Amino acid sequence: QVQLVESGGGLVQPGGSLRLSCAASGFIFSLSAMKWYRRAPGKERELVASITSDGSTTNYADSVKGRFTISRDNAKNTVFLQMNSLKPEDTAVYYCNARPYYNNRADYWGQGTQVTVSS
């Protein structure tokens, strides 16, 4: 079965850093675009970052540009989100999402990991 398992969340002070990981299985990771979303309390889900299947193209929400970096390791079926210069408004549950190119009906989600930025 398909699994996306996020890890690396936690409590961090403003200005700090966290590195999220998402371990994928059960589908062809190397043929899938990967995305990070987040949902803050009382707010809509937001697309934070995306990366193409080969890692050649990345995109970021304006709110995180210059601070966050998405990357992937296809040999390990893992996608990462490096988060630097964290702000309280980055506090949210962060979700990993997979969109396989070979199946446009497929849309896979992880369980989420909590990121809290607070002093």
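About the cut-offs
- Residues numbered from 1 in each chain as written.
- Predicted model: local features only at pLDDT ≥ 70, side-chain atom pairs only at ≥ 80, totals over all residues.
- Heavy atoms only, no water.
- Pairing = 2+ DSSP bridges.
- Helix = DSSP H or I, 4+ residues; strand = E, 2+ residues; numbered from the N terminus.
- Buried < 20%, exposed > 50% of the residue type's maximum accessible area, 1.4 Å probe, protein only.
- Contact = heavy atoms within 4.5 Å.
- Core = buried A, V, L, I, M, F, W, Y, C linked by side-chain atoms within 4.5 Å.

J.: I tried to follow the pairing of strand 9 (residues 92-100) on my own but got confused; where do I start?
T.: Both faces of the sheet carry side chains from a regular strand, because those side chains alternate between them. As paired elements, strand 4 (residues 32-39) and strand 9 share eight bridges and run antiparallel to each other. In the strand pairing of strand 9, Arg38 is matched with Tyr94. With two bridges connecting them, strand 9 and strand 10 (residues 108-109) associate as antiparallel partners. Bridged to Ala98 within strand 10 is Tyr108.

J.: It is not clear to me how the environment of Ser30 should be interpreted in this structure. Could you clarify?
T.: Note on placement: Ser30 falls in the loop between strand 3 (18-25) and strand 4. With a relative accessible area of 36%, Ser30 lands in the partly exposed category. Once the C-alpha coordinates of Ser30 and Tyr101 are considered, the two residues, 71 residues apart in sequence, prove to be 9.6 Å apart. The residues touching Ser30, leaving out its near neighbours within four places in the chain, are Ser53, Arg72 and Asn74.

J.: Could you clarify how one ought to interpret the nonpolar core in this entry?
T.: It is characteristic of soluble globular proteins that their nonpolar side chains tend to be buried jointly. Counting 28 residues, the largest nonpolar core has Met34, Trp36, Val79, Leu81, Met83 and Tyr94 as the members making the most contacts within it. Within the residue set of this core, elements represented by two or more residues are strand 3, strand 4, strand 5 (46-51), strand 7 (68-73), strand 8 (78-83), strand 9 and strand 11 (113-117). Setting aside its immediate chain neighbours within four residues, Tyr94 contacts Glu6, Leu20, Trp36, Tyr37, Arg38, Val48, Phe68, Leu81, Met83, Gly112, Thr113 and Val115.

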